[in-house]
Amino acid sequence: MHHVVLERWSRGASALHRLDARAKLIALFALLVALSLTPPAGLLRAAAFLLAVVLSGLVCARLPLTQLLLRAAVVLPFSASVALVSWFAGDPSRAISLLLKSYLSASLVLLVVATTPMPDLLTGLKRLGLPAVLTLVIQFVYRYLFVISEQAQHMRLASAARLGAGGFRISAGAVAVLFARSLARAEHIHWAMLARCGVSTPRPLLARPFGPPDVLFTVCAVAAAAALAILSRP
Amino acid sequence: MTPLVRVRNLHYSYDNGTQALRGVDFELYPGESVALLGANGSGKTTFVLHLNGLLTGQGDVEVAGLPVNATHLQQIRRKVGMVFQDADEQLFMPTVLEDVAYGPANLGLPPEEAVHRALHALEAVGLKHLEKRAPYQLSAGEKRRAAIAGVLAMAPEILVLDEPTTYLDPPAQRELIRLLAALPQAKIIVTHDASFALAAAHRAVFFQQGIIAAAGPVPEILHRFRWTVTQHSE
C-alpha cells in the first residue's frame, strides 16, 4: 500500500524530517503558488529550478529518488487527459505546461508528505488554521485506511483460500461488505468518543515551538518562491 | 454497603425488534470485579452499554447514586470507563499520547494537565515509551493497554471491559490480568474466556437470552453452565 511506504519514509531522522510541519506546509504553499503563476514561456526555467529543489530535498532526506519520482507520476494520467484536449485544440504549449506543472506539484507534495509523519502534518494544518472539522476528516480517513485495507486483505485471502477467482461480482460483493462493516465501525467509534465525554472536535494539546531553523527554512522557501515567480516572467 | 452500580428491571429492544434485555437486575460494589459470562447474543454487551448511557432502555440504572439520564451523562461518563472490544475503534487519534489525553482534554482540563494525566496513565500500563507512536504501529496487546490507558486517564471509579482478551496471545493475556489486578477500580468484565474470568474476577453473572440466569462465585458459575472447553467436548 502506498500509505504504508509513505508512513515508513516519513519516520526518518534527517534535517528535513526534523523541521516543523508548519514550515514545510508554508514552503509548499508558496512554491505551488509560484509554480501556478509561471507563464508557459518561463516554465522550463521554473521546472528546472523546482526539480532541483525536489532532488536536493530527496537527497537531504535520504529518500529513494526513483521510487518517489515514479510515485509522483500517478497524477499524469489525470492531467494527460486534460492536456490532450488542449493539444488537439491547437495549444500544445498549454498541454506541456499542464503536464509539467501537475507532475512538479505532485513531486513537491510527495516530498512534504514523505518527510512529515501524518500526526505532525495534521497538527501543522490545525495550527495554520485549517478548520478542525477538515483535519478531523483527514485524520479519520488516514487512521482507518490502515484498518479497512487490512480487512480488505483478509477478505481477499479468505476468497483465495476457497479458490475464489475474483471477477466483478465478487469484487462488488466484497466492497459492499466492506462498506457495511465500515458503517458499523463508524458507529462504534462514535460510541468510543462519547464514552470519553467526546465533543465534536478534539481539543488541541501542547504545541511544539516554531524554532529558529523552522523560521530560517520558511523565509528561504518563501524568498525562493518569490524569486521563481519574478524570474520566470518573460 | 452502597452499590456503585445498581440496575433494576432493565429492558432493551433493538430497532429491528430483537429483545436484547428482558428485565436485568444487577449490583456492583466498590473494589469488586465481576465477570459477565454468557453465549453470543445473550445481552452482555448491550447491558454494559447502558452503564454510561450509550444505550437507553426501560428500567432504572444508577451509577454512584446518579440515575443514568441526559442530565447526568457527563458525570456518569467520568465515572464509568469503557474499554471496547476492538481497540482499533477506541484509538482514533493520530498518536498514542493524543489518544490517551483525549478524555482528560474533554473534561476541560488545561492541555498541560491533560498531557500529564495521559503520561501517568501510559506509565501505569507500561506504554510510556510508545507515546509518540501512531496507534496502527502498536501490537494487539499494546493497543489494548493503550485503550485502557485512555480510560484510566479520566480517573474513573468503574472500569468496564468488553471482551478484553480478544486478539491477545497468552503472554499478553497474563500481562492484562496483572495490570487489572493492580488497578483499584471496580471492574465489570465481559468475557467468554473461562480461565480469564477465573483469574480476573471475584464474582460472575451468567446472561441467558437477555436475563441474568445466575450469579455467584466464578468457579461455581463456570461449572454450573459447563463453561469450559473440556466440559463442552465431553
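In this numbering scheme, every chain counts its residues from 1 along its sequence in written order. In the order they appear in the text, chains get letters beginning with A and ligands get numbers beginning with 1. Two thresholds apply to this predicted model, a pLDDT of at least 70 for residue-level local features and 80 or more for giving and counting side-chain atom pairs, whereas whole-chain, interface and lining totals are computed over all residues.

Visitor: What's the story with the pairing of strand S2 (residues 19-28) of chain B in this structure? I'm lost.
Guide: Regular strands have side chains that alternate between both faces of the sheet. Residues and elements named next belong to chain B. Following DSSP output, two strands are said to pair if at least two bridges run between them. Labels follow the DSSP assignment, with helices taken as runs of H or I lasting at least four residues and strands as runs of E lasting at least two, numbered in each case from the N terminus. Bridging between strand S1 (residues 5-13) and S2 involves seven bridges; their strand directions are antiparallel. Its bridge partner lying in S2, Ser 13 is registered against Gln 19. Remark: five residues form the turn of the hairpin made by S1 and S2, two consecutive strands paired antiparallel; Gly 17 in that turn has positive phi of roughly 95°.

Visitor: When you look at the interface of chain A and chain B in this model, what are you seeing that I'm missing?
Guide: The extent of an interface is frequently quoted as the accessible surface area lost upon association of the parts. The contact criterion used here is simple: two residues whose C-beta atoms, placed from the backbone, lie within 7 Å are in contact. Contacts between the two partners involve 24 residues from chain A, matched on the other side by 30 residues from chain B. Looking at the side of chain A that touches chain B, the elements with two or more residues in it are helix H8 (118-127), helix H9 (132-161) and helix H10 (168-195) of chain A. The leading source of residues in the side of chain A that touches chain B is H10(A), at seven residues. Here the side of chain A that touches chain B is composed, by residue class, of 17 nonpolar, three polar and four charged. Throughout this entry, Asp, Glu, Lys and Arg are counted as charged residues, while Ala, Val, Leu, Ile, Met, Phe, Trp, Tyr, Cys and Pro are counted as nonpolar. The remaining residues, Gly among them, count as polar.

Visitor: Would you mind going over the packing of H8(A) against H9(A) with me for this structure?
Guide: Axes are the key here: two packed helices are described by the angle between their axes and the distance separating the axes. Residue and element names in this part refer to chain A. Every axis in this analysis is a line fitted to C-alpha atoms, fitted for helices over the stretch in contact. Angles between the N-to-C directions lie between 0 and 180 degrees. Across the interface, H8 lies against H9 with an axial gap of 9 Å and an inter-helix angle of 170°. Taken together, H8 and H9 sit at an angle that is classed as roughly antiparallel. On H9, the residues that touch Met 118, Leu 122, Leu 125 and Lys 126 of H8 are Ala 132, Thr 135, Ile 138, Gln 139 and Tyr 142. In terms of residue class, the contact of H8 with H9 is built from six nonpolar, two polar and one charged. Any angle that falls under 35 degrees is termed roughly parallel, while one over 145 is termed roughly antiparallel, one within 65 to 115 roughly perpendicular, and all others oblique.

Visitor: Quick question: what am I supposed to make of the confidence of the model for chain A here?
Guide: Low pLDDT marks stretches whose predicted atomic positions should not be read closely. Here pLDDT means the predictor's own confidence in every residue, given as a number from 0 to 100. Per-chain confidence: chain A averages 87 in pLDDT, with 95% of residues scoring 70 or above. Ranking the elements of chain A by mean pLDDT puts helix H1 (residues 2-10) of chain A last, at 76, and helix H3 (residues 21-37) of chain A first, at 95.

Visitor: Sorry if this is basic, but what is going on with helix H6 (residues 140-152) of chain B here?
Guide: Since the α-helix packs 3.6 residues into each turn, any two residues three or four apart lie on the same face. Residues and elements named next belong to chain B. Expected span of a helix: the number of residues minus one, times 1.5 Å. With 13 residues, H6 extends 18 Å between its outermost C-alpha atoms, agreeing within 8% with the 18 Å of an ideal straight helix rising 1.5 Å per residue. Counting buried residues along H6, 11 of its 13 residues qualify, which places the element largely inside the surrounding structure. Of the surrounding elements, those touching the buried residues of H6 are strand S6 (80-83), helix H3 (87-90), helix H4 (96-106), helix H5 (111-124), strand S7 (158-162) and helix H7 (170-182). Partly exposed residues are those falling between the two cut-offs: more than 12 but fewer than 20 other C-beta atoms within 10 Å of their own, whereas 20 or more means buried and 12 or fewer means exposed, with C-beta atoms placed from the backbone.

Visitor: Could you clarify how one ought to interpret the confidence of the model for chain B in this entry?
Guide: For chain B, mean pLDDT is 91; residues scoring 70 or higher make up 97% of the total. Quick note on the complex model: pTM equals 0.78, ipTM equals 0.84.

Visitor: Which parts of the structure should I look at to understand the packing of H4(B) against H6(B)?
Guide: Residue and element names in this part refer to chain B. Two elements in contact, H4 and H6, have axes separated by 7 Å at closest approach and are oriented at 35°. Crossing of H4 against H6: the hand is right-handed. In this structure, H4 contributes Val 96, Asp 99, Val 100, Tyr 102 and Gly 103 to the contact, and H6 contributes Ala 146, Ala 149 and Gly 150. By residue class, the composition of the contact of H4 with H6 is five nonpolar, two polar and one charged. If you view the pair so one helix is near and one far, a crossing is left-handed when the near helix is turned anticlockwise from the far one by less than a right angle, and right-handed when it is turned clockwise.

Visitor: What is the right way to read the nonpolar core from this model?
Guide: Remark: nonpolar core denotes a set of buried Ala, Val, Leu, Ile, Met, Phe, Trp, Tyr and Cys residues whose joining runs through C-beta atoms within 7 Å. With 83 residues, the main nonpolar core has B:Val100, B:Ala149, B:Val160 and B:Ala204 as its most contacted residues. Look past the residues within four positions of B:Ala204 in its chain and what remains in contact with it is B:Val34, B:Ala35, B:Leu37, B:Ala197, B:Gly216, B:Val218 and B:Ile221.

Visitor: Just to check I follow, could you spell out H8(A) for this structure?
Guide: For H8(A), the buried fraction is high: eight of the 10 residues fall into the buried class. Looking one or two residues past H8(A), A:Gly129 carries a phi angle of roughly 100°, positive in sign.

Visitor: Just checking my understanding: could you explain unusual backbone geometry for this structure?
Guide: Backbone phi values are negative for most residues with the exception of glycine, while trans is the configuration of most peptide bonds. Positive phi, close to 55°, is recorded for A:Cys197, a residue that is not glycine. For A:Cys197, the position within the fold is in the loop between H10 and helix H11 (212-231). With a phi close to 50°, B:Asn9 is a non-glycine residue in the positive phi region. Topologically, B:Asn9 is positioned in strand S1.

Visitor: Could you clarify how one ought to interpret the environment of A:Ile189 in this entry?
Guide: Residues and elements named next belong to chain A. Relative to the elements of secondary structure, Ile 189 occurs in helix H10. According to the C-beta neighbour criterion, Ile 189 is buried, with 21 such atoms within 10 Å. For the pair Ile 189 and Pro 77, spaced 112 residues apart in sequence, the C-alpha to C-alpha distance is 36 Å.

Visitor: Explain the sheet that holds S7(B) to me, please; I cannot follow it from the model alone.
Guide: The strands making up a sheet associate through hydrogen bonds between their backbones, and the pairing can be parallel or antiparallel. All names here are of chain B. Overall, mixed pairing links the six strands, which are arranged S6-S7-S8-S3-S9-S10 in an open sheet. Strands with a single pairing partner mark the edges of an open sheet, and in this sheet they are S6 and strand S10 (211-217). With direction set aside, neighbouring strand axes in the sheet form an average angle of 20°. Running over the sheet, H6 touches S6 and S7 and is turned about 165° from S6.

Visitor: Looking at this model, I keep getting lost on the environment of B:Glu112. Mind explaining?
Guide: Along the chain, B:Glu112 falls in helix H5. Residues B:Glu112 and B:Ala101 lie 11 residues apart in sequence; the distance between their C-alpha atoms is 9.9 Å.

Visitor: Even after reading the chapter, I still don't get the sheet that holds strand S4 (residues 58-63) of chain B, so can you show me in this structure?
Guide: Residue and element names in this part refer to chain B. With respect to topology, four strands assemble into an open sheet ordered S2-S1-S4-S5, the strand pairing being antiparallel. Two strands close off the open sheet at either side, each with one partner strand: S2 and strand S5 (66-67). The pairing of S4 with S5 spans two bridges and is classified as antiparallel. Directly across from Val 63, in S5, lies its bridge partner Leu 66.

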